[in-house]
Amino acid sequence: MVRHMFSNLLLLWSIGHDLYITGQTYQEPKSWKDQNLYSVPLDMDVRLRRLDLSNNFIRQLHTLALPYLEQLDLSSNQLDLISEGAFEKLARLEELNLSRNALNNDVGSNSKALRSINSLKSLDISMNDLSDDAVELFLRNKSSLNQLKMTGNALTRLSHNLFKESKGLRAITIDDNQISVIEQGTFEPLSQLEMLNLARNNLAHICDFKLPQVKYLNLSRNSVEFFVTREDDKLYRLEILDLSHNKLLYFPIVPKLNSLRYLHLQNNLIGALNSEATMVSEANALYSEIMSEKRVRKNNLHSNWRQMPLIYIDLSYNHFRSLPLETLSRLTSLETLNFSFNCLQNITWNVRKDESGFHRQLFFPSLKYLNLQSNGLAHISPLFLKALTQIETLNLQDNSVQPCASVDQSTQQINNTSCVLIGQLRTLKHLNLKENNIKMLQPNTFLKTSLVTLNLAGNSHMVMQRDALEGVQKTLQSLVISEINMTSSDLSLPCMPMLTQLNISNNHLDVIPSSLSCSPLTEIDIRNNQFVSLNYSLILALSVRLNLMYISGNYFNCCDSRWMIILQELKINLPDVNDTVCFERDGNIAMTEYLKDPSGYCLFHTKAQETHFGTVIIIVLFVIVILTVIIIITRKVCCTQRSFIV
């Protein structure tokens, strides 16, 4: 113990001694951000390590005598002149942000000033309207630089000399320019380059990708029509490839030996060709043409995809009319597939037949998350569902899927059934069937699944039969049955001992099912229904675990709201209570106003309740007497009239 204390004291003395020798003590970062400065302050502490002068009106920069400064932010000024010796005394400067200025006005002087910084590791010269030649001047003598940002300039061409004096770069961002040409040899010499962002430019083709060192490549929002890699035996380190928002007609031909895990292909033209076979054939023909091969020797696309360790692919917002089963089934590590917003309509088992003439059974052995939202789907082949051996999350929102009742598949004509056999998906935990125009939810629809969350919202004409949730009532934790136009007589829910979230909003309900008393609900949404009151005993039982409740859009009776008072006393979160109204003898009032003095508003109502039964008896007797008198008088009048006639 004593030895440990002594060693700590010795360490503290050593640090203090070093600081004394150098004359340096720690100095907090200084910020003059948004101070309406027109020049650099003169009274700065020379011990500063970090200095923020961003968002001011500084136009000129002269010599800074800050020998310990490591980070300098001059972004978003009006800087157009940096004197040649401005940075000469910043021996330790590592990070410099000059973005959003006017450095293009005096490129010669401004670029010379940067050459004196020998230890610079990070440089941001974005948004300065710099041309191709200007950028080359700014990057001279930058051997220590490892991060470079040049977003939003006026670059059109990247020359092979651009980075010849900054070969230590590890991350380059040149997005939002006008680059249409990248000369051969521009990035290849950068052996340490790991991240390259070329998004929002005018690139049309990637004919021969040759950057095995890069781990992250962003080519999104260009005009790329194809991406091709020459087949060789190099191991490519590329893990994330973003080709979204381009004009791709084909899947990219990736390196033979690759490390690709995340592939973004959303918002392209893939699938616009007639079939998967046509697309694959044309992609391979294109490869042979680019590589100057006289004939197509093999299926490069599929052979390279087979070796790809991909776990995520986004193919949303393309033009697929059929699911490319042959291509996707080669991705044996694939866990997430986003296929939303295409034009599938049906998923049929279009795979090549085996030697016996039977359809081969392909599998997606690792696929856990599948998004098929907004495809106009009406039919999904049971053979495809059978291939989803590990599926956990299935999003079928905004389609025309009609779930089948779970029955023995041997009695089904498996390839001709018009409904979807959800019960085949034994591993399924999360299912979204929102907005499918489902007509009937039959008994045992989800039997044999492992559903934890179920969304049935927006099926406005759906009839939910008794036992529709049979088989999942013990596993469901979240249930959404909003916007179905159902009444309380239509809603029959079983006891669900795991249910914690329930949304029954936007219906015509006036009673919460009593079966929910056995559910440990933490969140419930009953907005926009026809509730006048809520069952006090049920709310009291639910309040043990209840944290959040939405109640607005109903027509509550102020004087029958003990349930509301208990929620308030237990401090249950009611986010929309300010939008909730209730009615009492004088009209509608805000629920919050009523809660300030419940007894005051309902005093008359309470007294009336005490004599309610007697009052009713008196009124009934009075009505009977009046009716009897009226009948007797009527009979006498009739008899008198008859006598007069006689």
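You'll find the structure just up there.
In this report, we go over the structure that sits alongside the text. (Residues numbered from 1 in each chain as written. Predicted model: local features only at pLDDT ≥ 70, side-chain atom pairs only at ≥ 80, totals over all residues. Heavy atoms only, no water.)

## A word on the overall build of the protein
The secondary structure content of the protein amounts to 13 helices and 34 strands. Expressed as a percentage of the 646 residues in the protein, the buried residues total 46%. Within the protein, residue pairs in contact and separated by at least 24 positions form 52% of the contacts whose partners lie at least 6 positions apart. Roughly 32200 Å² of accessible area belongs to the protein as shown, and the carbon and sulfur atoms make up 51% of that amount. (Helix = DSSP H or I, 4+ residues; strand = E, 2+ residues; numbered from the N terminus. Buried < 20%, exposed > 50% of the residue type's maximum accessible area, 1.4 Å probe, protein only. Contact = heavy atoms within 4.5 Å. Areas by Shrake-Rupley, 256 points an atom, 1.4 Å probe, with all protein chains shown as cover.)

## A few points about the nonpolar core
Within the largest apolar cluster, 176 residues are counted, with the highest numbers of intra-cluster contacts made by L72, F187 and F384. In terms of residue count, the dominant contributor to this core is helix α4 (residues 276–290) (five residues). The residues touching F187, leaving out its near neighbours within four places in the chain, are L158, F163, I172, I174, I182, L193, L196, L198, L211 and Q213. (Core = buried A, V, L, I, M, F, W, Y, C linked by side-chain atoms within 4.5 Å.)

## Things to note about unusual backbone geometry
Positive phi, close to 55°, is recorded for Y317, a residue that is not glycine. The residue Y317 is located in the loop between β18 (312–314) and α6 (325–328) in this model. Positioned with a positive phi, E483 is a non-glycine residue whose angle comes to about 55°. One can find E483 in the loop between β28 (478–480) and β29 (501–503). For E483, a relative accessible area of 39% puts it in the partly exposed group.

## Some thoughts on a nonpolar patch on the surface
A cluster of nonpolar residues, I619, F622, V623, I626, L627, I630 and I631, forms a patch on the protein surface that exposes about 650 Å² of accessible area. The residue I619 is located in helix α13 (residues 612–645) in this model. (Patch = residues over 30% accessible without salt bridge, like charges linked within 9 Å, V, L, I, M, F, W, Y side chains within 5 Å. Salt bridge = Lys/Arg side-chain N within 4 Å of Asp/Glu carboxyl O.)

## As for the pairing of strand β33 (residues 581–584)
What you see with β33 is a clean split: C582 and E584 sit on the buried side and V581 and F583 on the side with no burial. In terms of strand pairing, strand β32 (residues 556–557) meets β33 through two bridges, oriented parallel. Following the sheet pairing, N557 is matched in β33 by F583. The parallel pair β32 and β33 is bridged by helix α9 (residues 562–569), and the resulting crossover is right-handed. Bridge count between β33 and strand β34 (residues 587–590): four bridges; the pairing is antiparallel. Paired with F583 across the bridge in β34 is N588. Between β33 and β34, which pair antiparallel and follow one another directly, the connecting turn spans two residues. (Pairing = 2+ DSSP bridges. Right-handed = clockwise from strand over helix to strand, strands pointing away.)

## Regarding the pattern of salt bridges
All chains considered together, the criterion is met by 13 salt bridges. With a closest N to O distance of 3.8 Å, E94 and K121 form a salt bridge. Of the two residues, E94 is situated in the loop between β5 (81–82) and β6 (95–97) and K121 in the loop between α2 (107–115) and β7 (122–124); the sequence distance between them amounts to 27 residues. The exposure class assigned to K121 is partly exposed, which follows from its relative accessible area of 38%. Between K210 and D208 there is a salt bridge, with its nearest N and O atoms 3.6 Å apart. Residues joined by salt bridges that share partners form a network here, namely R170, E194 and R237.

## Some points on the layout of surface pockets
In this structure, the largest pocket spans a volume of roughly 440 Å³. Lining the largest pocket we find 20 residues, and of these I182, E188, I206, D208 and F209 sit closest to its centre. At the level of secondary structure, the elements contributing two or more residues to the lining of the largest pocket comprise β11 (181–182) and β13 (205–206). Residues that form the lining of the largest pocket fall into these classes: 13 nonpolar, three polar and four charged. What the second largest pocket holds in volume is close to 310 Å³. In terms of lining residues, the second largest pocket is bounded by 19 residues, among which E276, A277, E326, N350 and R352 are the most central. Secondary-structure elements contributing two or more residues to the lining of the second largest pocket are α4, α6 and β20 (346–347). Counting residues per element, the lining of the second largest pocket draws most heavily on α4, which supplies three residues. Class assignment of the residues belonging to the lining of the second largest pocket gives a composition of six nonpolar, eight polar and five charged. (1 Å grid on protein atoms, 1.4 Å probe; cavity = no way out; pocket = protein on both sides within 12 Å on 5 of 7 lines; lining within 4 Å. Points joined across faces, edges and corners; volume = space filled by probe spheres on them. Nonpolar A, V, L, I, M, F, W, Y, C, P; charged D, E, K, R; others polar.)

## So, α9
Along α9, the positions that sit buried rather than exposed are W563, M564, I566 and L567. Looking straight down α9, one finds its buried side chains confined to an arc of 160°; they lie on one side. In α9, the exposed residues that point more than 90 degrees away from the buried face are R562 and E569. Buried residues along α9 sit against α8 (536–542), β31 (548–550), β32 and α10 (591–596). Of the residues one or two after α9, K571 is the one with positive phi, at around 60°. (Arc of directions from axis to C-beta.)

## Considering the state of the cysteines
In this structure the tally under the stated criterion is three disulfides. Put simply, C558 and C582 are joined by a disulfide, and their sulfur atoms are 1.9 Å apart. Between C558 and C582 the sulfur-sulfur dihedral comes to about 95°; the bridge is accordingly right-handed. A residue pair is termed long-range when its members are at least 10 positions apart, and C558 in the loop between β32 and α9 and C582 in strand β33 qualify at 24 residues. C582 carries the same exposure label as C558, and that label is buried. (Disulfide = S-S within 2.5 Å.)

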